[in-house]
Amino acid sequence: GLLSPGAKPLAGKRALVTAGPTHEPIDPVRYIANRSSGKQGFAIAAALAAQGADVTLVAGPVNLPTPAGVKRVDVETAREMAGAIDAALPADVAVMVAAVADWRTADAATAKMKKGAGGPPALALVENPDILATVSAAGARRPKLVIGFAAETDSIVDHANTKLAKKGCDWIVANDVSGEVMGGDANRIHLITASGVEDWPELPKGEVAAKLAARIAEALG
Ligand code: CTP
Ligand code: CA
């Protein structure tokens, strides 16, 4: 309730979060993936729920427990993730933390591929749908606040600004992955918004999540 002591700032708000990698099948036993643990996305879903939001977490294949109070939808591929997000709209805020595979095989084999005299197979790849760009361009169904993540190793703020413009989202949480942070428990963040860049110190993923949830609560009023 309004101004009641202990009121949760995101009560009554709907949040969508994507997290983890996606797996794109090559054949029934092989896939294309990437090094995402899902930890930061799960921490953000937990932090939003702790602030009272109604959270749907669309998770790629990860080995993590579902945060308290969060509705979790498990998916494998980028196309499944896109479908789950579409089904979960509308929302007040979307935070796209997943490391979505940029490409999938044009045609996954239905039987296990075998080694043979022909040498290694050539994999034809096609680009996956861009979930963040799609949600950012969703017109009347667009969440008021759309937030993307960008893991960058160099020219972090430049790349993040380019991404902000390309995707049409409101904020980019740029994650400096020049050190050994992939799969680790801390992140160094630059928050890019229309009003500029905020440099955060290196923080545990839970604290990054809490700080971001507080900024989201402020922005949604
Ligand atoms: N993203 C998405 N769908 C995709 C690719 C990316 O929703 N198919 C989202 C990610 O969840 C993240 C943001 O877009 O929030 C940026 O992802 P990133 O991989 O850094 O951007 P790309 O446009 O794929 O650029 P790059 O070539 O640097 O990988
Ligand atoms: Ca990418």
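Figured I'd write up the structure that's included with this text. (Residues numbered from 1 in each chain as written. Chains lettered and ligands numbered in written order. Predicted model: local features only at pLDDT ≥ 70, side-chain atom pairs only at ≥ 80, totals over all residues. Heavy atoms only, no water.)

1. Remarks on the coordination of the calcium ion (ligand 2)
Here is step 1 of the chain: Taken together, Asp102 (OD) and Asp102 (OD) make up the full set of protein donors to the calcium ion (ligand 2), lying 2.4 to 2.5 Å away.
Here is step 2 of the chain: With respect to the element layout, Asp102 can be found in the loop between strand S6 (93–96) and strand S7 (103–105). (Donors = N, O, S within 2.8 Å, 3.2 Å for Na, K, Ca; no water. Helix = DSSP H or I, 4+ residues; strand = E, 2+ residues; numbered from the N terminus.)

2. Some words on the nonpolar core
Here is step 1 of the chain: Ranked by internal contacts, the top residues of the largest apolar core, which has 36 residues, are Val17, Ile44, Leu48, Val55, Val95, Leu212 and Ile216.
Here is step 2 of the chain: Among the secondary structure elements, those contributing two or more residues to this core are strand S1 (14–19), helix H1 (39–50), strand S4 (54–59), S6, strand S9 (145–152), strand S10 (171–176), strand S12 (189–193) and helix H5 (205–220).
Here is step 3 of the chain: Once residues within four sequence positions are removed from consideration, Val95 is found in contact with Leu16, Val17, Thr18, Ile44, Leu48, Ile147, Phe149, Leu212 and Ile216.
Here is step 4 of the chain: Ranked by size, the runner-up nonpolar core spans 24 residues in total, among them Ile85, Ile131, Ile156 and Ala160. (Core = buried A, V, L, I, M, F, W, Y, C linked by side-chain atoms within 4.5 Å. Buried < 20%, exposed > 50% of the residue type's maximum accessible area, 1.4 Å probe, protein only. Contact = heavy atoms within 4.5 Å.)

3. What about the sheet that holds S6?
Here is step 1 of the chain: As summarised here, the arrangement of the 8 strands in space is S5-S4-S1-S6-S9-S10-S12-S13, forming an open sheet in which the pairing is mixed. Each edge of the open sheet carries a strand with a single partner, namely strand S5 (70–74) and strand S13 (196–199). Averaged over all pairs of adjacent strands, the angle between strand axes in this sheet comes to 15°, irrespective of strand direction.
Here is step 2 of the chain: Pairing geometry for S1 and S6, over 4 bridges, is parallel. Residue Thr18 lies in a different strand from S6, and its bridge partner there is Met96. (Pairing = 2+ DSSP bridges. Axes fitted to C-alpha atoms, helices over the stretch in contact; angles between N-to-C directions.)

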